[in-house]
Amino acid sequence: MLRVDRIWTGARIATLDPARPGLGIIESAALATRGGRIAWIGPTAEMPVFNAPERIDLEGRWVTPGLTDCHTHLVYAGNRAHEFELRLAGASYEAIARAGGGILSTVKATRAATEAELVEAALPRLDALIAEGVTGIEIKSGYGLDTDTEARQLRAARALGSLRPVTVATTFLGAHALPTEAEGDKDGYIARLCAQTLPAIAAEGLADAVDAFMEHIAFDGAQTARVFEVAKRLGLPVRLHADQLSNLGGAKLAARYGALSADHLEHTDEEGAAAMARAGTMAVLLPGAFYFIRETKLPPVELFRKHGVKIALATDSNPGSSPLTSLLLAMNMGATLFRLTVDEIIAGVTREAARALGWLGETGTLEVGKWCDLAIWDVERLAELPYRMGFNPLHKRVWRGQ
Ligand code: DI6
Ligand code: FE
């Protein structure tokens, strides 16, 4: 008799297995885990006889893959509530950034924080996400803008992954903003980043990918391309904050470098969407930032569908444009603001989010051999996940079988 660690029965499972139609639903399903991985999954009636020390009846609850938040800036110090007040008084996000606030005010606080302080500040945010069924998260640097602080942010991000049962992917975002000491010299800053900071980060194995903020208030296409060239040489995949506030051709540039994803994309045009489709570059949509900075230009979801660009959804959790630590609320916003379908939203925080991080071989769908990362929900219909606002129907979360 085959031995497994644990069996769940009486479940309705959305496997997200692309070999099955829609969300890959199996009614009256069972799932067995062994060594942290999925040992068996299918209709309960077809389950072989297992020797299992633990059997759990889920009484008809829904099971999805554990959620993945594939775009966050979770590690930083301080907060920007004061800028929120300024914005309520009429200032724009861009105007505050140009006046030396915005990202640079978080850089100041982050540079003054130790690794332990960064971890301590980020833990409540991570715990809020975990409480909603998140089993995987991407965390970017970008509030250091010097080698030491960028490295410290990424070490803090890695530490979070050892302090909590969650999988962490780190992304180096040194090209996020121009630090004050660079005195307006963007090319000089990018040159130093390419020659020193990024190679040092890579040598220490601190980054799983490289990102940049391509925007008028940050870096242009040529500067972004220089960063991506170095990332390629170091064997690191790239992703891009593209076309968030204006259309600088970020989606096209991301596609040209075979980026895993281009993110935000409110101002992306059809050429950009088509280029992404050809390159297999995914769209990561961030409705929390759209909402919080009161953007009015919608990302071209219809064009992504037309060209077959795969769509993921994330919180963009950060102190300036998206102080959001609820992936469930991001899902609600994906529906109400971006008009994504329920299937697109559920896939966007599971299978597609895992794909955006290059994780799809290991997690993101419920298939034999993958990590047993589950979210178990007290809902009648999966549509309840994006439908409710500010309510958490998570019953249990399982990370690597536990
Ligand atoms: N786009 C964003 O929305 C965030 N970073 C970026 O490149 C904003 C980060 C911040 O304001 O602190
Ligand atoms: Fe972001």
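Read on for an overview of the structure. (Residues numbered from 1 in each chain as written. Chains lettered and ligands numbered in written order. Predicted model: local features only at pLDDT ≥ 70, side-chain atom pairs only at ≥ 80, totals over all residues. Heavy atoms only, no water.)

1. Regarding the coordination of the iron ion (ligand 2)
Coordination of the iron ion (ligand 2) by the protein involves H71 (NE2), H73 (NE2), H241 (NE2) and D316 (OD), with metal-donor separations of 2.1 to 2.2 Å. Classification of the site at the iron ion (ligand 2) rests on its four donor atoms, whose angles at the metal span 82 to 168 degrees, yielding the label irregular. Spacing between the donor residues of the iron ion (ligand 2) along the chain follows H-x1-H-x167-H-x74-D. In this pair, H71 sits in the loop between β8 (67-69) and α1 (81-88) while H241 sits in strand β12 (residues 239-242), placing the two residues 170 residues apart along the sequence. In this pair, the class of H71 matches that of H241, namely buried. (Donors = N, O, S within 2.8 Å, 3.2 Å for Na, K, Ca; no water. Tetrahedral: all angles 85-135°; square planar, octahedral: opposite > 155°, others 65-115°. Helix = DSSP H or I, 4+ residues; strand = E, 2+ residues; numbered from the N terminus. Buried < 20%, exposed > 50% of the residue type's maximum accessible area, 1.4 Å probe, protein only.)

2. Let's talk about the site of ligand 1
Around ligand 1 lies a shell of 14 residues, among which R80, Y93, Y143, H176 and S321 are the nearest. D316 is positioned with one of its side-chain polar atoms (N or O) 3.4 Å from an oxygen atom of ligand 1. S321 places a polar side-chain atom, nitrogen or oxygen, 2.5 Å from an oxygen atom of ligand 1. When ligand 1 is considered free in solution it has 320 Å² of accessible area, and contact with the protein chains removes 100% of it. According to the grid-proximity analysis, the pocket containing ligand 1 is the largest cavity. Tallied by class, residues from the shell around ligand 1 come to four nonpolar, eight polar and two charged. (Near = heavy atom within 4 Å. Polar contact = N/O pair within 3.5 Å; in protein donor to acceptor, adjacent residues only side chain to side chain. Areas by Shrake-Rupley, 256 points an atom, 1.4 Å probe, with all protein chains shown as cover. 1 Å grid on protein atoms, 1.4 Å probe; cavity = no way out; pocket = protein on both sides within 12 Å on 5 of 7 lines; lining within 4 Å. Sits in = over half its atoms within 2 Å of the grid points. Nonpolar A, V, L, I, M, F, W, Y, C, P; charged D, E, K, R; others polar.)

3. A closer look at the pattern of salt bridges
Per the counting criterion, the structure on display carries 24 salt bridges. In this structure, E94 and R98 form a salt bridge, with 3.8 Å as the shortest nitrogen-oxygen distance. In this pair, E94 and R98 are both assigned in helix α2 (residues 93-98), four residues apart and thus about one turn of the helix distant. Residue class for E94 comes out partly exposed when judged on its relative accessible area of 28%. A residue is classified by how much of its surface remains accessible, and R98, at 58% relative accessible area, is exposed. For R158, the salt bridge identified is with D208, shortest N-O distance 3.1 Å. Pair noted here: R158 is in helix α5 (residues 147-163) and D208 is in the loop between α6 (186-203) and β11 (209-212), with a separation of 50 residues, a long-range link. On the accessibility criterion, R158 (29% relative accessible area) is partly exposed. Owing to a relative accessible area of 33%, D208 belongs among the partly exposed residues under this scheme. Taken together, the salt bridges that share partners define one network made up of E138, K140, D211 and R239. (Salt bridge = Lys/Arg side-chain N within 4 Å of Asp/Glu carboxyl O.)

4. Considering the sheet that holds strand β13 (residues 261-264)
Strand order in this open sheet of four strands is β12-β13-β14-β15, and the pairing throughout is parallel. The sheet is open, and its two borders are formed by β12 and β15 (311-313), each paired with just one other strand. Direction aside, neighbouring strands of the sheet carry axes that sit 25 degrees apart on average. With four bridges connecting them, β12 and β13 associate as parallel partners. Paired with L240 across the strands is A262, a residue of β13. (Pairing = 2+ DSSP bridges. Axes fitted to C-alpha atoms, helices over the stretch in contact; angles between N-to-C directions.)

5. Describing the layout of surface pockets
There is about 320 Å³ of room inside the largest pocket. Taken together, 14 residues form the lining of the largest pocket, with R87, Y93, F292, I293 and R294 sitting closest to its centre. Taken together, the elements giving at least two residues each to the lining of the largest pocket come down to α1, α2 and α10 (287-292). For the lining of the largest pocket, the element with the most residues is α1, which contributes three residues. In the lining of the largest pocket, the residues fall into eight nonpolar, two polar and four charged. (Points joined across faces, edges and corners; volume = space filled by probe spheres on them.)

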